[in-house]
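Below are the chains, spelled out letter by letter.
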Number of protein chains: 2
Amino acid sequence: MASDIHHRTQDFIKLYPTVLRDLKEVFGTQGDVLITVSSGTGALEASITNFFSEGDKVVICCAGKFGERWVELAKAFRLNAVVLMAEYGSVVAPAAVEAALNENPDTKGVLFQASETSTGAAHDVKAIGEITKKTGALCIVDAITGLGTMPLDIDGWGLDIVVGGSQKAFMIPPGLAFISVSAKAWAQSASAKLPRLYFDLKKEKKMADKGESAWTPNVSHILALAEALKYIKELGMDKLVENAQLLAKATRAAALELGLELFAPDAPSSSVTAIKAPKGMDSSDIVKGFRNQFGSVIANGQGTMKGQIFRIAHLGYFDFPDLFAMVAELEIILHSKGIPVEFGKGVAAVQRVYAEAVSAKEVAAVK
Amino acid sequence: MASDIHHRTQDFIKLYPTVLRDLKEVFGTQGDVLITVSSGTGALEASITNFFSEGDKVVICCAGKFGERWVELAKAFRLNAVVLMAEYGSVVAPAAVEAALNENPDTKGVLFQASETSTGAAHDVKAIGEITKKTGALCIVDAITGLGTMPLDIDGWGLDIVVGGSQKAFMIPPGLAFISVSAKAWAQSASAKLPRLYFDLKKEKKMADKGESAWTPNVSHILALAEALKYIKELGMDKLVENAQLLAKATRAAALELGLELFAPDAPSSSVTAIKAPKGMDSSDIVKGFRNQFGSVIANGQGTMKGQIFRIAHLGYFDFPDLFAMVAELEIILHSKGIPVEFGKGVAAVQRVYAEAVSAKEVAAVK
């Protein structure tokens, strides 16, 4: 297939419904899954403008920079936001959400991150979903980094809106976002008065049912996505999640083995692990060491966390060979900065997690 | 350079300002030029939400399906729209805009298409710009297909907002849109109350000044855009426009030579030429003939124009070799449908336009 095709042609009209169908299968929902040509934030905006009216009350679980984006969106669109704050590195407890919903029975939506990428902490999506499900509010999940790295039973847990992005576990460049919409969400959408056109999901759904997109799609990305979805379906979404979880577990083990502290020890995410820089050291130097010595890209902390933590991703095509190398590089970087490190000790921790998982599978296979 | 780089790295922070600077040069404005990760419609929405408040009065020149998109946007965002309708194939006369502005001195914006792609008609951008410039209203131009195919003196003609798209004369796949903003527009933006976040241009400008984008950029497209802009700068934007104008002129000459009628004879666009199907013939059969016999893609009419007209584009990398072939194909298709055609007659008309232009240049060079 060509690297680019015109979007109002039979070629595209054949391809697009297949992509939507595969995406729905990978999301694992009976609801609709739609595509927006935007970054993830565009789809987060869609999950506000399509389902609320000015002044509507929402509960926001804010546990980091991306939680703050929900707050910013709620403010921009003049929602009445009840913000539940968690300290960076922690998350909002389901009980706090339940209490907020009891105190605010007029709440129309609960907004949170599955994985708060800025801190490496993960919300208890299942518990928050099940609490919200019992109320009239929509459960709206920013799963941009959560999809494909943690289990998300969209229909079973009552997740009304789930947002994903192309550049994360979907393994293609940024430029597309994905959004699932439940029947409960569509019903609320009917009375939602916030203005919208580019991100009008009803219009998008109407066109998707005809095998097209409402606006000019990012054709090159749709072609890439078609291939990525084939790969994910072949591998199995559960296997992709399992792998991310195992990488996260191994990364935590390596960090502890090297005497480092985890930034979110109580609710660690499996999409990214945030590790504190050793005392007296700026995490920027670790990030630079990775880049300058090895050409490896890891993330610094954002906002006030910059210089304090560094973050290693477990999304999509990241796998154990990458992690073996990353931890070996980390050992060298720490050593070069005068931090006492026994070479290979962190790597061994990763290897043990890997070997245990493999042998557990072999045992399972024998049984 | 890699086909993909992380967007919060020095590599990207080095690249992005260069792209913005080149884009500004190619737009030919002293104002700001910003990038949105969206289709063109997203940037059209930005040109509404950043500059108006609910109930603001705007004058819309509506000459086709894309004019209707302005009407749809104005309705979605609850503007008070004075709509000047032109029949499909015609455009709104500058005098009509002047009269509407005189009758409505509280108008805050004049919205129109440079080239109305659905009909192949072009507005008199210069005249409308100069009329609007004398008033307090912003002159807002959808130049998604106009940029790079017709002259647009953004600062000289008083064009406050000009919107472009990556997949047109910029020759890369869809997925990015561009928007220029004048000082007059920024001033009006300060009091604009429509809600916005993803398309908040002030936020985008603030980040652009730091060499970054507000949201995750479509990195692969930015890399492609950097190359396309290098090419356009080397060629010269005026040469790109001249070529499109010449292709359009040659297409019109060929159509007339073949006894076909132009759909927009009085205000022909140089981004696309719309030609009526011969009497008794469905233009869909012509479009299908191009695709099935030659693998060539031309466009059918949209909406009620479907079946009535077919459209040949002159954007970006289209050049004379394409047009020689297209017209030869058209002759064969018409002949196969029983329309009397003298093979080569249309092609000869294209060749004459080409040869005349070349010899005129040679004469100019000799002088």
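Keep in mind that this is a model prediction, so the values were computed, not measured.

**Student:** Can you explain the relation of the copies chain A and chain B? Please cite residues and give values.
**Tutor:** Superposition record for chain A on chain B: RMSD 0.0 Å, screw rotation 180 degrees, translation along axis 0.0 Å. Seen this way, the second copy is the image of the first under a two-fold rotation axis. For chain A, the smallest separation between a C-alpha atom and the rotation axis is recorded for S38 of chain A, amounting to 2.6 Å. Here 100% of the contact residues of chain A are again contact residues in chain B; the copies associate through an equivalent surface.

**Student:** Tell me about the interface of chain A and chain B, residues and numbers included.
**Tutor:** Between chain A and chain B, the residue contacts involve 37 residues of the former and 37 residues of the latter. Around 2,900 Å² of area is buried between chain A and chain B when both sides are counted, 64% of it from carbon and sulfur atoms. Interface area lost by chain A to chain B is led by P195, L197 and Y198 of chain A, which between them contribute 19%. Inspection of the chain A/chain B interface yields two salt bridges. Here K203 of chain A and E72 of chain B are joined by a salt bridge, their closest N and O atoms 2.3 Å apart. Across the chain A-chain B interface, the total number found is 12 residue pairs in polar contact (both at pLDDT 80 or more).

**Student:** Which residues make up helix α10 (residues 283–294) of chain B, and what values do they have?
**Tutor:** Residue and element names in this part refer to chain B. For α10, built from 12 residues, the straight-helix expectation of 16 Å at 1.5 Å per residue is met to within 8% by its first-to-last C-alpha distance of 16 Å. Burial in α10 covers these residues: S283, S284, I286, V287, G289 and F290. For α10, the elements touching its buried residues are β11 (299–300), β12 (309–313) and α11 (320–336). Residue G295 follows α10 closely and has a positive phi angle near 65 degrees.

**Student:** Hey, could you go over helix α7 (residues 201–208) of chain A for me, with residue numbers and the actual values?
**Tutor:** Residue and element names in this part refer to chain A. Among all positions in α7, only L201, E204, M207 and A208 are buried. Along the axis of α7, the buried positions cluster into a sector of 120 degrees, meaning they face one direction only. Opposite the buried face of α7, by more than 90 degrees, sit the exposed residues K202 and K206. For α7, the elements touching its buried residues are α1 (10–27), β1 (32–36), α2 (40–49), β9 (177–181) and α6 (183–189). One side-chain oxygen of the residue at the start of α7 lies 3.0 Å from the amide nitrogen of K202, identifying that residue as D200.

Cut-offs and rules
Residues numbered from 1 in each chain as written. Chains lettered and ligands numbered in written order. Predicted model: local features only at pLDDT ≥ 70, side-chain atom pairs only at ≥ 80, totals over all residues. Heavy atoms only, no water. Least-squares fit on C-alpha atoms with pLDDT ≥ 70 in both. Contact = heavy atoms within 4.5 Å. Buried area = accessible area lost by both parts, 1.4 Å probe. Salt bridge = Lys/Arg side-chain N within 4 Å of Asp/Glu carboxyl O. Polar contact = N/O pair within 3.5 Å; in protein donor to acceptor, adjacent residues only side chain to side chain. Helix = DSSP H or I, 4+ residues; strand = E, 2+ residues; numbered from the N terminus. Expected span 1.5 Å × (residues − 1). Buried < 20%, exposed > 50% of the residue type's maximum accessible area, 1.4 Å probe, protein only. Arc of directions from axis to C-beta.

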